[in-house]
Amino acid sequence: EEVLPLRELLAGLDRSAFGMLLLLATLPAFIPIPVGGAVSGPLVVLIGAQLALGRHRPWLPDFLARRGPHRRSLAAFDRRISPWLVRLERLVRPRLPQLVAHRAAMALTGVLLVLLGLLLSLPIPLTNYLFAGLLLLFALALIERDGVLMLIAWISGGAAVTVFGILSGNLAAMTMRWFASWS
């Protein structure tokens, strides 16, 4: 069966390729297994770092770029998701595109994606769906150039990074104190 390499799938998408790649990278986090975030997190960090550095097209390591879905699987996925996309297009559409395309906006988006990707990689119980949902907001905003949705993603992502960054720091400090009490 013919494989459609990611390199070819993303080639014609220009800056929307970041959104599509982010969407694909986020999907494993929705699989209810512990390694979902461990797979998605580093990919999200890679995408975010490229946006923060101002790249116009995503770069993928060759071992990822030559992989991709089988044509038949992609067609089946398209049939399943098409009804949802029709509904989603009523909510997500190009609005305030300068908020998505501006250099400073892309840098902010990239930094938030790096931080969310790092949080997604951590084994914080019951957070994969939360972080993956936030990453989907970013992906949809990038794909559709929806500045309003991007504002929502920035606010929600910033709040999540702040809250879980503080909680993770407190958890790490408690763990260190616990280990110190045993020595």
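Read on for an overview of the structure.

Criteria and cut-off values
- Residue positions are given per chain, counting from 1 as you read along its sequence in written order.
- Residues qualify for local features only when their pLDDT is at least 70, as the model is predicted, and side-chain atom pairs are given and counted only at 80 or more; totals for whole chains, interfaces and linings, by contrast, use all residues.
- With hydrogens and water excluded, all non-hydrogen atoms of the structure serve as input to the side-chain values.
- Only residues whose relative accessible area exceeds 30% and that take part in no salt bridge are eligible for patches, with like-charged residues grouped when within 9 Å of each other and nonpolar side chains (Val, Leu, Ile, Met, Phe, Trp, Tyr) grouped when within 5 Å.
- The Shrake-Rupley method, run with a 1.4 Å probe, gives the accessible areas here. Residue values count only the displayed protein chains as cover.
- The salt bridge definition used is simple: a Lys or Arg side-chain nitrogen within 4 Å of an Asp or Glu carboxyl oxygen.
- The helix count covers DSSP runs of H or I at least four residues long, the strand count covers runs of E at least two residues long, and both are numbered beginning at the N terminus.
- Remark: exposure states derive from per-residue accessible area (1.4 Å probe, protein chains only) relative to the maximum for the residue type, with buried under 20%, exposed over 50%, and partly exposed in between.
- Two residues form a contact once any of their heavy atoms are found within 4.5 Å.
- The rule is short: rings of Phe, Tyr and Trp, with Trp giving its six-membered ring, pair when the centres are within 6.5 Å, and they are stacked under 30 degrees, edge-to-face over 60, tilted in between.
- In this analysis the charged atom, NZ for Lys or CZ for Arg, is taken to sit over a ring once it is within 6 Å of the ring centre and within 35 degrees of the ring normal.
- The definition of a nonpolar core used throughout is a set of buried Ala, Val, Leu, Ile, Met, Phe, Trp, Tyr and Cys residues joined through side-chain atoms within 4.5 Å.
- To get an axis, a line is fitted to the C-alpha atoms, and for a helix only the part in contact is used. The angle between two axes follows their N-to-C directions and goes from 0 to 180 degrees.
- Orientation categories follow fixed angle ranges, with anything under 35 degrees roughly parallel, anything over 145 roughly antiparallel, 65 to 115 roughly perpendicular, and all other angles oblique.
- By definition, turning the near helix anticlockwise from the far helix through less than a right angle yields a left-handed crossing, and turning it clockwise yields a right-handed one.
- Under the grouping applied here, Gly and all other residues not named as nonpolar or charged are polar, the nonpolar ones being Ala, Val, Leu, Ile, Met, Phe, Trp, Tyr, Cys and Pro and the charged ones Asp, Glu, Lys and Arg.

Among the surface-exposed residues, Leu-9, Leu-24, Leu-27, Leu-74 and Phe-77 lie close enough to one another that they form a single nonpolar patch of about 360 Å² accessible area. Its place among the elements puts Leu-27 in the loop between helix H2 (16-26) and helix H3 (36-52).

Further remarks concern the side chain of Asp-146. Within the secondary structure layout, Asp-146 lies in the loop between helix H8 (128-144) and helix H9 (147-181). With a relative accessible area of 0%, Asp-146 lands in the buried category. Setting aside its immediate chain neighbours within four residues, Asp-146 contacts Leu-91, Val-92, Arg-93, Arg-95, Val-100 and Ala-141.

Let us now look at the packing of aromatic side chains. The tally for this structure, following the rule as stated, stands at 2 aromatic pairs. Above the ring of Trp-84, the side-chain terminus of Arg-87 is found at 4.9 Å from the ring centroid.

Take the nonpolar core next. Taken as a class, soluble globular proteins show a tendency for nonpolar side chains to be buried jointly. Leu-22 and Phe-138 are the most contacted members of the largest nonpolar core, which has 39 residues in total. Listing elements by their share of this core, those giving two or more residues are helix H1 (6-11), H2, H3, helix H4 (62-65), helix H7 (103-121), H8 and H9. If one sorts the elements of this core by residue count, H8 sits on top with 8 residues.

What follows is about the packing of H3 against H7. Interaxial distance between H3 and H7 falls to 7 Å at its minimum, and their mutual angle equals 160°. Regarding the angle of H3 to H7, the classification is roughly antiparallel. Crossing hand, H3 versus H7: left-handed. Residue-level contacts link Gly-37, Ser-40, Gly-41, Pro-42, Val-44, Val-45, Ile-47, Gly-48, Ala-49, Leu-51 and Ala-52 of H3 to Arg-103, Met-106, Ala-107, Thr-109, Gly-110, Val-111, Leu-113, Val-114, Gly-117, Leu-118, Leu-120 and Ser-121 of H7. Partitioned by chemical class, the residues of the contact of H3 with H7 number 14 nonpolar, 8 polar and 1 charged.

By the element assignment, Gln-50 lies in helix H3. Other than its neighbours up to four places away in sequence, Gln-50 contacts Phe-18, Arg-55, Arg-57, Pro-58 and Trp-59.

With that settled, the discussion passes to the pattern of salt bridges. Taken as a whole, this structure holds 4 salt bridges when the rule is applied. For Asp-62, the salt bridge is made with Arg-7, and the minimal N-O distance between the two is 2.5 Å. Taken as a pair, Asp-62 in helix H4 and Arg-7 in helix H1 lie far apart in primary sequence, 55 residues in all. Under the relative-accessibility criterion, Asp-62 is labelled partly exposed at 42%. The exposure class assigned to Arg-7 is partly exposed, which follows from its relative accessible area of 45%. Between Arg-95 and Asp-146 there is a salt bridge whose closest N-O contact spans 2.6 Å. Of this pair, Arg-95 sits in the loop between helix H5 (71-91) and helix H6 (98-101) while Asp-146 sits in the loop between H8 and H9, and the two are 51 residues apart along the sequence. Residues participating in the shared-partner salt-bridge network are Arg-7, Asp-62 and Arg-66.

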